[in-house]
Amino acid sequence: MQFDPIIVKQFFVVFLLSLSLSVVIAQTTETDDPEIVVELEQVTITSQHGSQHLLDIPAAITAVSGQMLESANIDNFEQLAAFVPGLNILTQTPGRPNLVIRGLTSDEVSPAAQPRVSVYLNHAPISRATMAVTELYDMERVEVMKGPQGTLFGRGSQAGAISFITRKPADRFGGYVTAGAGNYGMMHLEGALNVPIAKTGVSARIAGTYSYRDGYVKNNSGGTLNDKNTLGGRFSASYAPQNGKFKADLTVNYQKDDHSGTAFINPNGVRDIFNYEVSLDRDKEFYNRREVFGTILNARYYTGEQSYFSSITSYFNNTADSRFDGDGSSAPAIDMGELVKANQFMQEIRYNFSSGNRITGIAGASFWREDVGHTYRFRPNEQYAAWLIFQMPGLMMYGNPMREQAPMPERGITEHLYFPENHEEESITEAVNNAFDIFFDATYQLLPKLSFTAGVRATFEQFSIKNRAYHSGGDPSTLGRWFVFADINRETGYINAPNDNASNFFFAPVENPATEKSFSALTWRASLQYKVDGQSNVFAGYSRGRRPNVLQYNSAGELSVIDAETLHSFDAGYKLVSHRFMFDASLYYQLYRNFQSSMWEGMNYLVVDVERATSCGAELSTKAVVNSYLNVFGNYAYTYAVFDDKDSDGNPQGNAGNSFRLTPRNSFLIGLNAGVDISQNMNIVLTPTYSWKSHIWFEDANDEGIEQDACGLLNANLSLRFKQQGLTVSLFGSNLTGEKYLIGAGNMGAMFGIPTFVPGAPRMLGGKLTWKF
């Protein structure tokens, strides 16, 4: 891999200027006036060895507090990602989010595939993509750890981890209620009630949300697309007696999404994608439905002030069901459905220990089990799909059904072909995934200012997978018999003979018994941290990440096993945290071996081994309290992530020189909170933010046209607060400049040469009324 020397120089200039600026601002924002009490919000981090301060952690981590979520009106994953340098999130559907940390994203094309980015809710894993999207209500904070986190979070955190921490019950009565409305028929209801049970040490908290918005893309065949209709509820209980050694927290969480379908738009059938309208198949209901129900029990027994045994038990049940128009047009060629049913159980036992001021750490073991069923439903009208096979999609687009085809002797076809109007087939893949882990991670104080942190995790995995595909309804497929699964001379295109056993178009009828595979691996990390003074430190370290082997079937029912992907990550950083200023900078260099890329191969979207890739980058974030009326914040990320030119044997490899998908080279966010007291009881606060991302590719193949140019989004929230009454009236807007951008491109249509595109949301406006009591 070669680096552009100009980019490298710019990178180090930005880093050094930011470092110098941090020292200047840290000095100028301090004050000796005892009458002025303004300081940054202090955020506790729990991603490492219990509750810690940001300065105590020798790794790149960003925390977004509940206060920031509220003041900036952050209500979705995409907005959250802008506040975390190095994180990019695109969500076409709630069951298929793309979570990208430092260029790495997870494509779970098989139920046996494991994520690269772990997602946790109150320290319990919800990492399967269909479980990961969580409504951001009643949150205490969101922590994002970047780089391999295997020793802390487990096997599914090769690129990093996103941890959602909800508000716990408190020992006082209180709560809040929020109601809102806006354009596109937006309705929002949210609230929480905290109830302590006197003299028992038990407190309970109930929280819930309902969020609705009409779709912003009109379907000329009826209804709208890309809407939102989400219901969520959460019950939390805590047992924490004042002098007791035993403490416990219970969380029961439920979320239901009942959205309309996704607007996959074929640009050949519309004047402009950003007219926000499309004509999909008539008389069909397209939808994205999802349910997640989970229970988490976290119990702790203290043997000392900083030492305790803990147990985390979690169980999650998830169903995600979608139906979409894969060709993005009114021609009923590609009618697809996807159903995922998953259950996850996790039991972890760990011991958090502290020996004086010299050593702190964790040691423990965990067991994780996942049962997943993944069903694809394919219902093509072959009178239109035939034009795709013959590579003449334009005729399909303008409503020309091909009912019959005369013999084509030059291709070996000797009979008239009838293309069925109704055909249905299904492919069902089921997997049982088990993992047992043993882990240890500790920090040792070598010198008063120098500490050493190291950890290791041993993982033992077992995957079992089976698959069956069958003709589920309608007429047998002609395209499957004569084209897709026929005996074809690949050099001449001449059909030697049809496949009379191929009753399906997409999935070959098969019945594959269960196949079991077992693997084991070690991941580890080591780092040094030096405390410059009581407010700043520097750190440097190495960590080894791993994505497990992938077991997958192609459309012909053939099983393949892809080697485990490994990541060698080198990090260095500087942190400064004072009462009124925070600056955090990190540099990283990462080497990938057996890189698992996802790409279209014929009629299959599969994980393939591209062998080698390299990335490097920098992440900067800062916050400053200027005075009691103004604080500013921002971040910047530079990510250079590309596939190497040659494999480990020195031979040219696939995707050579290409950039990782969904990875902007540069991105930044700037924002501020500006407030003024109108009276003793009233104040007004404005929180504008502007986030910008450079060009991205939507596929690792970097196909021309399947891309998004640089774009920026301006959001703002204006709040009028009545202090004595506990009331807040807020007006908010997202994408205020009406930026036109994509959240998806390529998709299933790309397999047939007709890529589809999903536009991002236009300008959204609304208002909310909140009462806190």
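Anything mentioned here points back to the structure above.
What you are looking at is a predicted structure, and each value in this text was computed from that prediction instead of being measured.

## Topic: the overall build of the protein chain
Within the protein chain one finds eight helices and 45 strands. Relative to the compact-globule value of 28 Å for 773 residues, the protein chain shows a C-alpha radius of gyration of 27 Å, a close match. When its C-alpha atoms are laid out on the principal axes, the protein chain stretches across 95 × 60 × 55 Å. Among the 773 residues that make up the protein chain, the fraction classed as buried is 58%. Considering only contacts within the protein chain whose residues lie at least 6 apart along the sequence, 68% involve residues at least 24 apart. By element, 55% of the accessible surface of the protein chain is carried by carbon and sulfur atoms, the whole surface being about 31600 Å². In the protein chain, 62 side chains carry a positive charge and 79 a negative one; their mean positions are 7 Å apart.

## Structural notes on the sheet that holds strand β15 (residues 224-225)
The mixed open sheet is built from three strands, whose spatial order is β15-β14-β18. With one partner strand each, in any of the chains shown, β15 and β18 (277-278) form the two edges of the open sheet. The pairing of strand β14 (residues 217-219) with β15 spans two bridges and is classified as antiparallel. Across the sheet, the residue bridging to Lys218 is Thr224, located in β15.

## Let's talk about a nonpolar patch on the surface
A surface patch of nonpolar side chains, amounting to about 540 Å² of accessible area, comprises Phe173, Val177, Leu193, Val195, Trp771 and Phe773. Residue placement: Trp771 occurs in strand β45 (residues 764-772). In this structure Trp771 comes out as partly exposed when scored by relative accessible area, which is 42%.

## So, the pairing of strand β25 (residues 423-447)
Where strand β22 (residues 359-378) lies against β25, 20 bridges are found, and the strand directions are antiparallel. Within the sheet, the bridge partner assigned to Asp371 lies in β25 and is Val432. One ladder, built from 24 bridges, connects β25 with strand β26 (residues 450-474); its direction is antiparallel. Looking at the pairing, Ala431 lines up with Ile465 of β26.

## Quick word on the pattern of salt bridges
Note that side chains of opposite charge can pair when their charged atoms are close. Throughout the structure, instances matching the rule amount to 30 salt bridges. Between Asp335 and Lys284 there is a salt bridge; the shortest N-O distance is 3.1 Å. Placement of Asp335 in strand β21 (residues 335-355) and of Lys284 in the loop between β18 and β19 (287-302) is noted, with a sequence separation of 51 residues between them. Owing to a relative accessible area of 1%, Asp335 belongs among the buried residues under this scheme. Lys284 sits in the partly exposed class, given a relative accessible area of 26%. Counted as one network, the salt bridges with shared partners bring together Arg102, Lys146, Asp571 and Glu619.

## Let's talk about the sheet that holds strand β6 (residues 104-105)
Spatial ordering of the open sheet is given by β4-β5-β6, a layout of three strands whose pairing is antiparallel. Taken across any chain shown, the strands that pair with only one partner, and hence form the sheet edges, are β4 (87-91) and β6.

## Thoughts on the nonpolar core
If you look at the biggest cluster of nonpolar residues, it comprises 66 residues, and the most contacted ones within it are Val217, Ile334, Met396, Phe483, Phe506, Phe698 and Phe752. Contributing elements (two or more residues each) for this core: α6 (382-389), α7 (393-397), α8 (478-484), β41 (711-722), β43 (742-746) and β44 (756-759). Per element, the largest residue contribution to this core is five residues, and it comes from α6. Ala82, Ala435, Phe595 and Phe643 belong to the second largest nonpolar core, which has 51 residues in total.

## Observations regarding the packing of aromatic side chains
If you walk through the whole model with that rule in mind, you get 28 aromatic pairs. Aromatic pair Phe274 and Tyr276: ring centres 6.1 Å apart, planes at 70°, arrangement edge-to-face. Residue classification places Phe274 among the buried residues on the basis of a relative accessible area of 18%. Assessed through its relative accessible area of 15%, Tyr276 is described here as buried. An aromatic cluster is defined as three or more aromatic residues linked by ring pairs; in this entry it consists of Tyr376, Phe378, Phe505, Phe506, Phe507 and Phe752. Over the face of the ring belonging to Tyr588 we find Arg102, whose NZ or CZ atom lies 4.0 Å from the ring centre. Across the ring face of Phe595, the terminal group of Arg116 is positioned such that the distance to the ring centre comes to 4.9 Å.

## A look at the environment of Tyr384
As for its position among the elements, Tyr384 is in helix α6. A C-alpha to C-alpha distance of 7.2 Å links Tyr384 and Asn400, two positions 16 residues apart in sequence. Once residues lying within four places of it in the same chain are set aside, the contact partners of Tyr384 are Ala331, Pro332, Ala333, Met396, Gly399, Asn400 and Pro401.

## Description of the environment of Val432
With respect to the secondary-structure elements, Val432 resides in strand β25. Taking the relative accessible area as the measure of exposure, Val432 reaches 24% and is therefore partly exposed. Sequence separation between Val432 and Pro111 is 321 residues, and the spatial gap between their C-alpha atoms is 8.5 Å. Those residues in contact with Val432 that sit more than four places away from it in its chain are Arg369, Glu370, Asp371, Gln462, Phe463 and Ser464.

Procedures and definitions
- Residues numbered from 1 in each chain as written.
- Predicted model: local features only at pLDDT ≥ 70, side-chain atom pairs only at ≥ 80, totals over all residues.
- Heavy atoms only, no water.
- Helix = DSSP H or I, 4+ residues; strand = E, 2+ residues; numbered from the N terminus.
- Rg over C-alpha atoms; globule rule 2.2 N^0.38 Å.
- Buried < 20%, exposed > 50% of the residue type's maximum accessible area, 1.4 Å probe, protein only.
- Contact = heavy atoms within 4.5 Å.
- Areas by Shrake-Rupley, 256 points an atom, 1.4 Å probe, with all protein chains shown as cover.
- Lys, Arg positive; Asp, Glu negative; His and termini not counted.
- Charge placed at Lys NZ, Arg CZ, Asp CG, Glu CD.
- Pairing = 2+ DSSP bridges.
- Patch = residues over 30% accessible without salt bridge, like charges linked within 9 Å, V, L, I, M, F, W, Y side chains within 5 Å.
- Salt bridge = Lys/Arg side-chain N within 4 Å of Asp/Glu carboxyl O.
- Core = buried A, V, L, I, M, F, W, Y, C linked by side-chain atoms within 4.5 Å.
- Phe/Tyr/Trp six-rings, centres within 6.5 Å; stacked < 30°, edge-to-face > 60°.
- Lys NZ or Arg CZ within 6 Å of the ring centre and 35° of its normal.

Limitation: the analysis is restricted to geometry and does not speak to function.
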